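Residue-level structural notes
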Amino acid sequence: MSPASLNILLTGGSGYIGSHTAVVLQQAGHRVFIYDNFCNSDPAVGHTLQAITGHPFTVIEGDVRDTALLQQTLGENAIDAVIHFAGLKAVGESAIIPIDYYANNVQGTISLLQAMQAASHQPKTLVFSSSATVYGDPQYLPIDESHPTAATNPYGRTKLHIEEILTDLSKADASWRIACLRYFNPVGAHPSGLIGENPNGLPNNLMPFVAQVAVGKLKELNVFGNDYETPDGTGVRDYIHVMDLAEGHLAAVSYLNDAVQAHQGMHTFNLGTGRGYSVMEMVQAFEAASGKSVPFHIAPRRAGDIASCYASTALATRELGWSAKRDLKDMCESSWRFQQHTNTGA
Ligand code: NAD
Ligand code: UDP
């Protein structure tokens, strides 16, 4: 049974996944509070979310490493649950400035946990944004939650360290309710086209890169390798619509606070679709959705890339009662709508 209306704080809530989750939570009847330092997002997100939902959102400017401000925010708004999106996420950059990554992601999480413990009402429900990157090079497919973990870069290691910290905490104090969500490859945008993924500079990820080629902002896509052991030789990933992902967070909050059977302790779930698409399949689907051509050329493999990665979704389906519903066409169409809106303001 779903919990009553909760006050939910979203650290990093003005970013790509957080903003979509804010809409879904608000529309499910929860009160959403966004806490963000805007290092990778737009402070105007509150207005955009209001335009989408018709409801005002409270947006607090702050860094997750500011424990005192977090504690004050938790208390003043009687926060029941926190979804912790805030963090740095670029794999390549994490190898160049690893200390920034450990400070933002690991130290930021410790600061959040300290603030939650210090708040007078001690909220103990937490949903954490982890990543399929913690599985490293897959030993078998589909990847289930008991697959061994082995991060191959500093970003992934921050996620693994945080998962270990949360496991230790849940063992030390059984009253915590923690969901650790390992996302596969989030893509797409809200159907309004008003929010989506808009990376600064050259996109690292496939989908925003393809969208920027289709709109004419970038000349061509570099396809990183066509000699993998996959059906067409290009890399295969489990792309999940960001609205499905957002609904996965709603399901996780409901699961932790279920009115009949609350789930204490630490619970880890994959959030993916269970099916993989190759780079070339993504390019073709995007061309069909946008009506634009996406010129590409075959480039060498990208260092550290794996051939294939897709999720076993059985656990999330069984425990959370959640599964991804939107298809590749919807992922591409919504991403294209957002890309056009971003370029033209239309
Ligand atoms: P995003 O960069 O769009 O959002 C992150 C938000 O956190 C941004 O608004 C940023 O300004 C904020 N932030 C960063 N450091 C902060 C700090 N110290 N204090 C306060 N705010 C801070 O990224 P996203 O794609 O929405 O990702 C959200 C979370 O999901 C991240 O933790 C990321 O590692 C994780 N994740 C993302 C993906 C993906 O492909 N997008 C995949 C797996 C996991
Ligand atoms: N990819 C590509 N060109 C790009 C970006 C990505 O060919 O400009 C490929 C990449 O090699 C991988 C897939 O697209 O096979 C998804 O890459 P992304 O960086 O989006 O996700 P990740 O590799 O982190 O799962």
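Here the structure is shown first, and the text comes after it.
Residues numbered from 1 in each chain as written. Chains lettered and ligands numbered in written order. Predicted model: local features only at pLDDT ≥ 70, side-chain atom pairs only at ≥ 80, totals over all residues. Heavy atoms only, no water.

Remarks on the overall build of the protein chain
When helices and strands are tallied, the protein chain shows 11 helices and 13 strands. Taken against the 2.2 N^0.38 rule, which gives 20 Å for 346 residues, the C-alpha radius of gyration of the protein chain at 19 Å falls within 12% of a compact globule. In terms of principal-axis extent, the alpha carbons of the protein chain reach across some 55 × 45 × 40 Å. Within the span of the protein chain, comprising 346 residues, buried residues form 55% of the whole. Looking at the protein chain alone, contacts between residues at least 24 apart form 80% of all its contacts between residues at least 6 apart. For the protein chain, the exposed surface amounts to about 14500 Å²; the carbon and sulfur share of it is 50%. Here the protein chain contributes 21 positive and 32 negative side-chain charges, whose respective centroids are spaced 2 Å apart. (Helix = DSSP H or I, 4+ residues; strand = E, 2+ residues; numbered from the N terminus. Rg over C-alpha atoms; globule rule 2.2 N^0.38 Å. Buried < 20%, exposed > 50% of the residue type's maximum accessible area, 1.4 Å probe, protein only. Contact = heavy atoms within 4.5 Å. Areas by Shrake-Rupley, 256 points an atom, 1.4 Å probe, with all protein chains shown as cover. Lys, Arg positive; Asp, Glu negative; His and termini not counted. Charge placed at Lys NZ, Arg CZ, Asp CG, Glu CD.)

A closer look at the pattern of salt bridges
Side chains that differ in charge, positive against negative, can pair when their charged atoms come close. Using the criterion set out here, one finds 10 salt bridges in the structure. A salt bridge links R65 to D63; the shortest N-O distance between them is 2.9 Å. A relative accessible area of 33% means that R65 is categorised as partly exposed. Looking at D63, the relative accessible area reads 21%, which means it is partly exposed. (Salt bridge = Lys/Arg side-chain N within 4 Å of Asp/Glu carboxyl O.)

Things to note about the site of ligand 1
In the region of ligand 1, 27 residues are neighbours, and D36, N40, S41, N104 and Y155 sit closest. For ligand 1, an oxygen atom lies 3.1 Å from a polar atom in the backbone of C39. One of the side-chain N or O atoms of K89 is found 2.8 Å from an oxygen atom in ligand 1. In the complex, the protein chains occlude 96% of the 820 Å² of accessible area that ligand 1 would expose alone. (Near = heavy atom within 4 Å. Polar contact = N/O pair within 3.5 Å; in protein donor to acceptor, adjacent residues only side chain to side chain.)

A closer look at the environment of V127
Its place among the elements puts V127 in strand β5 (residues 125-131). Assessed through its relative accessible area of 1%, V127 is described here as buried. Sequence separation between V127 and P208 is 81 residues, and the spatial gap between their C-alpha atoms is 26 Å. Not counting residues within four places of it along the chain, the set of residues in contact with V127 comprises V82, I83, H84, A179, L181, H249, A252, V253 and L256.

Let's talk about the environment of V236
Here V236 is to be found in strand β9 (residues 236-237). With a relative accessible area of 9%, V236 lands in the buried category. For the pair V236 and A314, spaced 78 residues apart in sequence, the C-alpha to C-alpha distance is 20 Å. Excluding residues within four positions of it along the chain, V236 makes contact with T230, G276, Y277, S278, A307, S308, C309 and Y310.

Shape is all these values report; function is a separate question.
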